[in-house]
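Structural overview for review
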Amino acid sequence: MRARKTIMTKFAELGLDPKLVTTVTDAGYQTPTPIQIKAIPLVLEGRDVMGLAQTGTGKTAAFGLPLIHQLLRNHDKRQPKSVKALILAPTRELVNQIAENLRAYVQGTHLKVRTVVGGMSINKQISMLAPGIDILVATPGRLIDLLDRRAIRLDTATFLVLDEADQMLDMGFIHALRRIAPELGTPRQTMLFSATMPKQMEELSRAYLTDPAKVQVSPPGKAADKVTQGLYYVPGRNEKISLLIDLLGHDKDALSLVFSRTKHGAEKLMKQLVAEGFKAVSIHGNKSQGQRDRALAAFRSGEARILVATDVAARGIDIPGVSHVYNFDLPEVADNYVHRIGRTARAGADGDAISFVSGVELGLLRDIEKVMKIEIPVLGGKRPAEEKRPQRSQGGGRRGAGGGRKPRGASQQGPKPSANPNAGAGKRRRRRPRKSA
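What counts and how
- Residues numbered from 1 in each chain as written.
- Predicted model: local features only at pLDDT ≥ 70, side-chain atom pairs only at ≥ 80, totals over all residues.
- Heavy atoms only, no water.
- Helix = DSSP H or I, 4+ residues; strand = E, 2+ residues; numbered from the N terminus.
- Buried < 20%, exposed > 50% of the residue type's maximum accessible area, 1.4 Å probe, protein only.
- Contact = heavy atoms within 4.5 Å.
- Areas by Shrake-Rupley, 256 points an atom, 1.4 Å probe, with all protein chains shown as cover.
- Polar contact = N/O pair within 3.5 Å; in protein donor to acceptor, adjacent residues only side chain to side chain.
- Core = buried A, V, L, I, M, F, W, Y, C linked by side-chain atoms within 4.5 Å.
- Salt bridge = Lys/Arg side-chain N within 4 Å of Asp/Glu carboxyl O.
- Phe/Tyr/Trp six-rings, centres within 6.5 Å; stacked < 30°, edge-to-face > 60°.
- Lys NZ or Arg CZ within 6 Å of the ring centre and 35° of its normal.
- pLDDT = per-residue confidence, 0-100.
- Pairing = 2+ DSSP bridges.
- Axes fitted to C-alpha atoms, helices over the stretch in contact; angles between N-to-C directions.
- Parallel < 35°, antiparallel > 145°, perpendicular 65-115°, else oblique.
- Left-handed = near helix turned anticlockwise from the far one by under 90°.
- Nonpolar A, V, L, I, M, F, W, Y, C, P; charged D, E, K, R; others polar.

Attention shifts here to the overall build of the chain. Counting secondary structure elements, the chain contains 15 helices and 14 strands. The burial tally for the chain puts 56% of its 437 residues in the buried class. In the chain, the share of contacts with a sequence separation of at least 24, taken over all contacts with a separation of at least 6, comes to 79%. Carbon and sulfur atoms form 50% of the exposed surface of the chain, whose accessible area is close to 19300 Å².

Written as structure tokens, this is what we have:
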């Protein structure tokens, strides 16, 4: 007799606490996503997990729900300045997005979720941490600031989550991670989640995870199924602006996200769109946290229909209504293309991802198509002659993206040694110039 295959289609079947099941179902979520179906039971078993899934597939719930489940069964009182679970993310926007989701999951429980990021008052954060908290979501730079001030202790944290770990590697946060990881309690359960799988990810997994279960629901670099991709060949910036204005004008009520490579370029482009009568806002590393929060709130509410951003927004925006992503400039890191276009076609919706490609960007296009393993359809324009990319000056910092100053001890004296002998593997990656935040 043929064995019958059991397919889990309800959150209640994943072994989660009934309170959590009620919370997520009340929020309208009935069927777990593939990454949740595969990851949640493993996390509940106490396994270290390395999860690979395209953006917009529910990774936060995949680690957040089972983490909360385990904390609900731990009735230890909070100790001053202590943390029970630590979640690290590379940008302020992503930290806030994760925390927003987790706060929805813990409604009606005793668990508290807090965030620490750069650009906010560190004294207020010190006061907030003083009584101890259950779940802390943080950018690495600010967390190290707080550790240096002895405002927080991590020896009680037995859960560590690295979200969008590939971007942490690209942004140079490996040194901060080497400083932070030895501070955590042991034994601990570690989860690493990402949408792409660069070579360094295996090294990171070996250094910080113990016998991890690898969960993969789509090939690394694959876009969401409902994203329609296309490109226009465009000679230069002025022509790009004219084309963008024309495309945006077809539906001024649509929510559109426009990516620029640089902070200066994003701000200039936003002002040009406003001058053309569009309701546009911008976020980038030169904006204060308050300005970034207000811009995102305006975009989320629909008060602004266009958000112009650098890659600081590629992994920190979860707005189901975004119908179009425009790559005004192609990203210098091909993997970031995957995250950019993942801001549309979320929660099962359809979306369009349109890229503008000039002669100096043909090499970047080849890199993207290699990562995506597809040839992006050409929607218009004549393929320009390939031009050599100009050399960029060194020193284009990334501090704004991480939300904190350069960690103490990450340069002159080197990082603290990790408890794992493999944690120091690999040379320090040289900062790429002009990588915007």
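What follows is about the side chain of Q229. Within the secondary structure layout, Q229 lies in strand 8 (residues 227-233). Among the polar contacts listed, one links the side chain of Q229 to the side chain of Y337, at a separation of 2.7 Å.

Let's shift gears to the nonpolar core. Counting residues in each nonpolar core, the largest one holds 42 residues, and the members touching the most others are L65, I68, L102, I135 and V137. The biggest single contributor to this core is helix 3 (residues 59-72), with 8 residues. Beyond its immediate sequence surroundings of up to four residues, L102 is in contact with T60, G64, I68, I87, V113, I135 and V137. Of all hydrophobic cores here, the second largest spans 36 residues; its members include V83, L86, L146 and L192.

Before going further, it helps to spend a moment on the environment of A104. Tracing the sequence through the fold places A104 in helix 4 (residues 92-105). Separated by 81 residues in the primary sequence, A104 and T23 place their C-alpha atoms 7.8 Å from one another.

The final tally for this structure, using the stated rule, is 15 salt bridges. The residue K240 makes a salt bridge to D329 at a minimum N-O spacing of 3.4 Å. In this pair, K240 sits in helix 10 (residues 237-249) while D329 sits in the loop between strand 12 (322-327) and helix 13 (334-341), placing the two residues 89 residues apart along the sequence. Here K240 falls in the buried class, since its relative accessible area comes to 3%. Given the relative accessible area of 12%, D329 is considered buried. Where R261 meets E332, a salt bridge forms, and the shortest distance between an N and an O atom there is 3.9 Å.

Moving on, we come to the packing of aromatic side chains. Scanning the entire structure with this criterion turns up 4 aromatic pairs. When the centroid spacing of 5.4 Å and the interplanar angle of 50° are considered together, the rings of F63 and F193 count as tilted. Note that F63 is positioned in helix 3 and F193 in strand 6 (residues 189-194), a separation of 130 residues in sequence. This pair shows no difference in class: F63 is buried, exactly as F193 is. Grouping aromatic residues by their ring pairs yields a cluster made of Y232, Y326, F328 and F356. It is K240 that lies over the ring of F328; its NZ or CZ is 5.6 Å from the centre. Stacked on the ring of F278, the Lys or Arg K252 has its end atom at 4.9 Å from the ring centre.

Per-residue confidence for the chain averages 83 on the pLDDT scale, and 82% of its residues sit at or above 70. Low confidence marks residues 1-8, where pLDDT is under 50. Its contacts with residues over four positions away, or in another chain, come to 5 contacts. Across residues 393-437, where pLDDT falls below 50, the model places 100 contacts with residues more than four positions away in sequence or in other chains.

Let's shift gears to the sheet that holds strand 3 (residues 113-116). Ordered by their spatial adjacency, 7 strands build an open sheet running 3-4-2-5-6-1-7, and the pairing between neighbours is parallel. Two strands lie at the open edges of the sheet, namely strand 3 and strand 7 (213-216), each paired on one side alone. Each adjacent strand pair in this sheet contributes to an overall mean axis angle of 15°, direction not counted. Note that strand 2 (residues 83-88) and strand 5 (residues 159-163) share 4 bridges and pair parallel. Each bridged residue has a counterpart across the sheet, and for L86 the counterpart in strand 5 is L160. Contacts from helix 4 reach strand 2, strand 3, strand 4 (133-138) and strand 5, with the element oriented near 175° to strand 3. The sheet strands contacting helix 6 (residues 140-148) are strand 2, strand 3 and strand 4, and the helix crosses strand 4 at an angle near 130°.

So, about the packing of helix 3 against helix 4. Contact geometry of helix 3 with helix 4 gives a least axis separation of 10 Å together with a crossing angle of 45°. Relative to helix 4, the element helix 3 lies oblique. Note on packing geometry: the crossing formed by helix 3 with helix 4 is right-handed. Contacts from T60, A61, F63, G64, L65 and I68 of helix 3 reach helix 4 at I98, N101, L102 and Y105. Considering only residue class, the contact of helix 3 with helix 4 consists of 7 nonpolar, 3 polar and no charged.

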